[in-house]
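Here is how the chains run, residue by residue.
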Amino acid sequence: MRKLFTTLSNIWKIEDLRTRITNTLLFLVIYRIGSFVVLPGVIYSTVNTQTGKEGLAGLLNMFSGGSFSHASIFALGVMPYISASIVVQLLGIAVPYFTKLQKEGESGRNKLNQWTRYLTIGITALQAIAYVKSQIKVDQIAPGMSVAVFTLMSVFILTAGTLFVMWLGEKITDKGIGNGISLIIMVGIIAQLPSAFLSEFSVRTGGKGGLITFIVEILALIGVVMFTILIVQGVRKIAVQYAKRIVGNKQYGGVRQYIPLKVNAAGVMPIIFAQALMFIPAYIPQLFTSVSTNPIIMGLANYASWEHNLLFALLIIVFTYFYTAITINPHQMADDMKKNGGFIPGVKPGKPTSEFIDGVISRITLPGSIALAIIAIIPPFAMMIGVSNVFARFFGGTSLIILVGVVLDTLQQIESHLLMRHYDGLMKTGRITGRTAIPTAAGTTPPAI
């Protein structure tokens, strides 16, 4: 405990770090206040905040911190920006123009950011129209306001709300601590944790299982968090030796460094892609009533069935390989090493190096993808044994992986500030490494989440 108070005191002594933490908290408070501002023209007393808890709506509601179900001006959150970032990243592989921009350094990244913002506006506008049509009924609109006017006004407000949240995220990254977009998503997820915790506690202590069952659930949650940290932090280090170079009277190179290849380089993206596809079986019976009684379709549409979870796990494994393949370019990494006079001991430069790195990535991705699939399917199994739906979401899936990754990143940045000022780190032994950046084909890191 004394170590904790000493560390907090050291953090407060560093003016730059203190300012950054204060700015981060201020921006996050602004975001949370905006999450409770309802769209103009909506009768809030008619809004059912319990809707949108399952399926795709439940996922969006979780990422937006409940704004989706509350008809807030921030209802769409930062998901349109994340979608636009992924699209631009994929275009960098398929379209030569974007591939060229990725290789142009700072100017190219600025142009790609501009394209991402433009695409965010388009995606947000389309999602805003779908949100108004699907989530807000006619009887929830204030009397005297036409549906057309309300829809047009809401589309502009929702689009502006997403752009404002995106701006807040960029400001947190620039003037705060940690990755702004990731922190905003994390705060949205954490906002639902206290109510879920208290609800589960009241249910267990009220006679359904008792206090011992609740303690067992907490211990199980801690175990899952530890397992998730292990997967997020796991790396396979490849030794790289750099040749000696004499420039004037100074010697450069001649040192051994390491390429840290993540066991789970794809992060949470495979789960998001797989979840998007798993919503399709749930909508098939609504579109084609003739197959509504088909046992296979009904099994795939059931969130808690073994068919649904088996297919979900297989999709996660496939998408992990796919996303790893598009974000990590072994050829580019081999070329960069060769240009800088680096080589892997025992491996020839050029194509053999590329094949070696590709082989290592393929081998470590398999256990990483299986572990990711296990984490993703824990929530439905937790619900099978009696854990409430809301609390079970924190036992795995996107929410837990995002929370663990963002917290580690933020703590790593805080520790870097402490070490730079010759203070002790946050841990007695070792250092917090966060999510190690993986070189991609563009020389950038994957999207924030």
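Given the structure is predicted, the values throughout are model-derived calculations rather than measurements.

S.K.: I would appreciate a short explanation of helix α8 (residues 180–190) in the present structure.
M.R.: Residues spaced three or four apart along an α-helix point in a common direction, a consequence of the helix completing one turn every 3.6 residues. The buried fraction of α8 is high, at 10 of 11 residues. Those residues of α8 that fall on the buried side of the exposure criterion are G180, I181, S182, L183, I184, I185, M186, V187, G188 and I189. Among the residues of α8, the N-terminal cap falls to N179, whose side-chain oxygen and the backbone nitrogen of I181 are separated by 3.3 Å.

S.K.: Quick question: what am I supposed to make of helix α10 (residues 210–233) here?
M.R.: With 24 residues, α10 should reach 34 Å at 1.5 Å per residue; the first-to-last C-alpha distance of 35 Å fits that figure. Those residues of α10 that fall on the buried side of the exposure criterion are F214, E217, L221, V224, T228, I231 and V232. For α10, the secondary structure elements touched by its buried residues are α9 (193–205), β4 (256–262), α16 (351–376), α17 (378–384), α18 (389–392) and α19 (397–420).

S.K.: Help me out: how do you make sense of the sheet that holds strand β5 (residues 342–343) in this one?
M.R.: Note: strands within a sheet are paired through backbone hydrogen bonds, in either parallel or antiparallel orientation. Spatially, 3 strands are ordered β4-β1-β5 in an open sheet, and the strand pairing comes out antiparallel. Edge positions in the open sheet fall to β4 and β5, since each of these has one partner strand only. Judged from the 2 bridges that link them, strand β1 (residues 235–242) and β5 form a sheet pairing that is antiparallel. Paired with Y242 across the bridge in β5 is G342. Lying on the sheet, helix α15 (residues 330–339) is in contact with β1, β4 and β5; it crosses β4 at an angle near 170°.

S.K.: What exactly am I supposed to notice about the environment of S354 here?
M.R.: Structurally, S354 is set in helix α16. The buried category is assigned to S354, whose relative accessible area is 3%. In this structure, the C-alpha to C-alpha distance between S354 and Q332, residues 22 residues apart in sequence, is 8.2 Å. Apart from the residues within four sequence positions on either side, S354 is in contact with P330, H331 and A334.

S.K.: It is not clear to me how the side chain of T162 should be interpreted in this structure. Could you clarify?
M.R.: Here T162 lies in helix α7 (residues 147–175). In terms of polar contacts, T162 uses its side chain to reach the backbone carbonyl oxygen of G77, at 3.3 Å. Once residues within four sequence positions are removed from consideration, T162 is found in contact with L76, G77, P80, T120 and T124.

S.K.: I would appreciate a short explanation of the packing of aromatic side chains in the present structure.
M.R.: To describe a pair of aromatic rings, one takes the distance between the centres and the angle between the planes. Taken as a whole, this structure holds 10 aromatic pairs when the rule is applied. Consider the rings of Y31 and F74, whose centres lie 5.9 Å apart with planes at 10°: the pair is stacked. Of this pair, Y31 sits in helix α2 (residues 15–34) while F74 sits in the loop between α3 (55–63) and α4 (79–94), and the two are 43 residues apart along the sequence. We classify Y31 as buried; its relative accessible area is 1%. Note on F74: relative accessible area 4%, which makes it buried. Judged by centre distance (5.5 Å) and plane angle (80°), the ring pair of Y97 and F98 falls under edge-to-face. What makes Y97 partly exposed here is its relative accessible area of 43%. When its relative accessible area of 9% is taken as the criterion, F98 is described as buried. Every member of this aromatic cluster is reached through a ring pair, and the members are F197, F201, F214, F391 and F395. Positioned above the aromatic ring of W12 is the side chain of R18, whose terminal nitrogen or guanidinium carbon lies 5.4 Å from the ring centre. The ring of Y258 is capped by K237, whose NZ or CZ atom sits 6.0 Å from the centre of that ring.

Rules used in this analysis
Residues numbered from 1 in each chain as written. Predicted model: local features only at pLDDT ≥ 70, side-chain atom pairs only at ≥ 80, totals over all residues. Heavy atoms only, no water. Buried < 20%, exposed > 50% of the residue type's maximum accessible area, 1.4 Å probe, protein only. Helix = DSSP H or I, 4+ residues; strand = E, 2+ residues; numbered from the N terminus. Polar contact = N/O pair within 3.5 Å; in protein donor to acceptor, adjacent residues only side chain to side chain. Expected span 1.5 Å × (residues − 1). Contact = heavy atoms within 4.5 Å. Pairing = 2+ DSSP bridges. Axes fitted to C-alpha atoms, helices over the stretch in contact; angles between N-to-C directions. Phe/Tyr/Trp six-rings, centres within 6.5 Å; stacked < 30°, edge-to-face > 60°. Lys NZ or Arg CZ within 6 Å of the ring centre and 35° of its normal.

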